[in-house]
Amino acid sequence: MFYSLQFSFWYLFFGTILTYLVWGFIVSFEVNLAMGGSKIAQKWIRAHHTYKQLYYEVKVFYPMIYAGYFFLELLPHLLWKAPKAAFDMERLFQELFDEEER
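The notes below deal with the structure included here. Computed from a predicted structure; not experimentally measured.

Criteria and cut-off values
For every chain, the first residue of its written sequence is number 1, and the numbers climb from 1 along that sequence. Per-residue local features are limited, in this predicted model, to residues with pLDDT of at least 70; the limit for side-chain atom pairs, both in listing and counting, is 80 or more; totals at the level of whole chains, interfaces and linings are taken over all residues. Values reported for side chains reflect all heavy atoms of the structure, with hydrogen atoms and water molecules removed beforehand. Secondary structure elements are defined from DSSP: runs of H or I of at least 4 residues count as helices, runs of E of at least 2 residues count as strands, and each element is numbered from the N terminus. Any two residues whose heavy atoms approach within 4.5 Å are treated as being in contact. Accessible areas in this description were obtained via Shrake-Rupley with a 1.4 Å probe; residue shielding takes into account the shown protein chains only. For the purpose of charge, His is not counted, nor are the chain termini; Lys and Arg are scored as positive and Asp and Glu as negative. By convention, the charge on Lys lies at NZ, on Arg at CZ, on Asp at CG and on Glu at CD. Exposure is judged per residue with a 1.4 Å probe applied to protein chains only, and the accessible area is read against the type maximum: over 50% gives exposed, under 20% gives buried, and values in between give partly exposed. Every axis corresponds to a line fitted to the C-alpha atoms, with the helix fit spanning only the stretch in contact, and the corresponding angles, defined between N-to-C directions, vary from 0 to 180 degrees. Angle categories are assigned with fixed cut-offs, so that under 35 degrees is roughly parallel, over 145 is roughly antiparallel, 65 to 115 is roughly perpendicular, and the rest are oblique. We call a crossing left-handed when the near helix sits turned anticlockwise from the far one by less than a right angle, and right-handed when that turn is clockwise. Amino acids are sorted into nonpolar (Ala, Val, Leu, Ile, Met, Phe, Trp, Tyr, Cys and Pro), charged (Asp, Glu, Lys and Arg) and polar (every other residue, Gly among them). The directions from the helix axis to the C-beta atoms form the arc being described.

Another aspect to go through is the overall build of the protein. Across its full length, the protein holds five helices and zero strands. In the protein, the order of α-helices and β-strands from amino to carboxyl end is α-α-α-α-α. When the backbone C-alpha atoms are referred to their principal axes, the protein occupies close to 55 × 40 × 20 Å. Excluding contacts between residues fewer than 6 apart, the proportion of contacts in the protein whose partners are at least 24 apart in sequence is 67%. Summing over all exposed atoms, the protein offers an accessible surface of approximately 7,500 Å²; the carbon and sulfur share of this is 69%. Taken as two groups, the 9 positive and 10 negative side-chain charges of the protein have centres that lie 5 Å from each other.

Take a look at the structure:
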């Protein structure tokens, strides 16, 4: 038989990994844009996320955010001396959400 329990396990396993990578890439890109000072990205995050939603997404996708920061900010800075944004999550959350929203 083509379909078995082990076969469905591998579908779920690889599907979970691919979902993490794709969703993590999206979150990483939007957070890195907002940390870089993009007003459009900050406005988009405020419109689509609450403080808790963004906090938990950042917590889950922290390795992807670091990888995105490396490729989008740090590597161009090291290779071509391009200006880089500071990796500061606390400042990002302070800019995005006021104290009364938390």
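Located in the positive-phi region is K81, a residue other than glycine, with phi close to 55°. By the element assignment, K81 lies in the loop between α4 (62–80) and α5 (89–96). Looking at K81, the relative accessible area reads 64%, which means it is exposed.

This paragraph deals with the packing of helix α1 (residues 5–35) against helix α2 (residues 39–48). Any two packed helices are characterised by the angle at which their axes cross and by the distance between the axes. At their nearest, the axes of α1 and α2 sit 7 Å apart, and the two run at 125° to each other. Between α1 and α2, the angle is such that the two are oblique. For the pair α1 and α2, the crossing hand works out as left-handed. Residue-level contacts link E30, L33 and A34 of α1 to A41, Q42, W44 and I45 of α2. Its residues assigned to classes, the contact of α1 with α2 shows five nonpolar, one polar and one charged.

The subject of this paragraph is α2. Spacing of three or four residues puts side chains on the same side of an α-helix, whose turn is 3.6 residues. Considered for burial, the residues of α2 that qualify are A41, Q42 and I45. Summarising the axial view, the buried residues of α2 lie within an arc of 100°, below the 170-degree limit, and thus occupy one face. The exposed set on the far side of α2, more than 90 degrees from its buried face, consists of K39, I40, K43 and A47. Turning to α2, the residues buried within the fold contact α1, α3 (51–60) and α5.

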